[in-house]
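What follows is the residue order along each chain.
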Amino acid sequence: VVDLAVSKGKKPIEVVDYTGKPADDAKKALEKAGFKVEVASVFSDDVAKGIVMEQSPRDGTKFKNDTITLKVSKGQDLVVVPKVIGLKRIKATEVLKAAGFQVQAFLPGGNYTVQSQSPAEGKKAKRGSTVNISSF
């Protein structure tokens, strides 16, 4: 008599889709299920910080130690608005552009001294948004 044990192969693991869920919870659950998890963080205007935006693969079956990739939101790309009041218009424009902002100069001609700015210095604004400057 000969006893044979025949392998059925690797045991498949069902992939659960964590899109729209907290990244920490998704990573823990996927690792507990036996997967390796890679996380890529990106800015998003639409998805709150720490939430899974995309998952690859999203569903199906995989095997232990297979990799699941999560794209996680870092939230909006906000930048602190620098102080430009007191600077000449040309220098103020350079400073704001270097910080990642567009500039709308009221009284666009001349190199006047900036007397007002909106949003105000120290406020956070979305990178690429417009800062208005003027001399009244």
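Below is a summary of the structure that appears in this document. (Residues numbered from 1 in each chain as written. Predicted model: local features only at pLDDT ≥ 70, side-chain atom pairs only at ≥ 80, totals over all residues. Heavy atoms only, no water.)

**Notes on the overall build of the chain**
And step 1. A count of helical and extended segments in the chain gives two helices and ten strands.
And step 2. Listed by position from the N terminus, the elements making up the chain come as β-α-β-β-β-β-β-α-β-β-β-β.
And step 3. C-alpha atoms of the chain, sized along the principal axes, occupy 100 × 20 × 15 Å.
And step 4. The proportion of buried residues among the 136 residues of the chain is 27%.
And step 5. Here the contacts in the chain between residues at least 6 apart in sequence split such that 66% fall between residues at least 24 apart.
And step 6. Total accessible area on the chain stands at roughly 9,000 Å², and carbon and sulfur atoms take up 52% of it.
And step 7. Counting 23 positive and 15 negative side-chain charges, the chain places the centres of these two groups 7 Å from one another. (Helix = DSSP H or I, 4+ residues; strand = E, 2+ residues; numbered from the N terminus. Buried < 20%, exposed > 50% of the residue type's maximum accessible area, 1.4 Å probe, protein only. Contact = heavy atoms within 4.5 Å. Areas by Shrake-Rupley, 256 points an atom, 1.4 Å probe, with all protein chains shown as cover. Lys, Arg positive; Asp, Glu negative; His and termini not counted. Charge placed at Lys NZ, Arg CZ, Asp CG, Glu CD.)

**Quick notes on the packing of aromatic side chains**
And step 1. The final tally for this structure, using the stated rule, is zero aromatic pairs.
And step 2. Seen from the ring of Phe-43, Lys-74 lies directly overhead, with NZ or CZ sitting 4.3 Å from the centre. (Phe/Tyr/Trp six-rings, centres within 6.5 Å; stacked < 30°, edge-to-face > 60°. Lys NZ or Arg CZ within 6 Å of the ring centre and 35° of its normal.)

**Notes on the sheet that holds strand β2 (residues 36-42)**
And step 1. Ordered in space as β2-β5-β3, the three strands form an open sheet in which the pairing is mixed. Unpaired on one side and paired on the other, β2 and β3 (52-56) mark the two borders of the sheet. Along the sheet, successive strands turn relative to each other by an average axial angle of 20°, direction set aside.
And step 2. Summarising the sheet, β2 and strand β5 (residues 67-73) pair through seven bridges and their orientation is parallel. (Pairing = 2+ DSSP bridges. Axes fitted to C-alpha atoms, helices over the stretch in contact; angles between N-to-C directions.)

**Concerning the sheet that holds strand β8 (residues 116-118)**
And step 1. Pairing in this open sheet of three strands is mixed, and the strands run β7-β10-β8 from one edge to the other. Both edges of this open sheet fall to β7 (102-105) and β8, since each of them pairs with a single strand only. Taking the axes of each pair of neighbouring strands and ignoring which way they run, one obtains an average angle of 20° across the sheet.
And step 2. Pairing geometry for β7 and strand β10 (residues 130-134), over four bridges, is parallel. Bridge pairing links Gln-104 to Asn-132 in β10.
And step 3. Against the sheet, helix α2 (residues 89-98) contacts β7 and β10, and its axis sits at roughly 165° relative to β10.

**Here's the deal with unusual backbone geometry**
And step 1. Here the residue pair Ser-56 and Pro-57 is connected by a cis peptide bond, since its omega of -10° sits within 30 degrees of zero.
And step 2. In this model, Ser-118 is joined to Pro-119 through a cis peptide bond whose omega is 0°.
And step 3. Positionally, Pro-119 belongs in the loop between β8 and β9 (124-126).
And step 4. The phi dihedral of Asn-65 is positive, around 75°, even though this residue is not glycine.
And step 5. Along the chain, Asn-65 falls in the loop between β4 (60-62) and β5.

**A word on helix α1 (residues 23-33)**
And step 1. Along α1, the residues that are buried comprise Ala-23, Ala-26 and Leu-30. Buried positions in α1, seen along its axis, are confined to an arc of 60° and lie on one side of it. Turned more than 90 degrees away from the buried face of α1 sit Asp-24, Lys-28 and Lys-32, all of them exposed.
And step 2. Gly-34 sits one or two positions beyond α1 and adopts a positive phi of about 115°. (Arc of directions from axis to C-beta.)

Nothing here speaks to function; it is geometry throughout.
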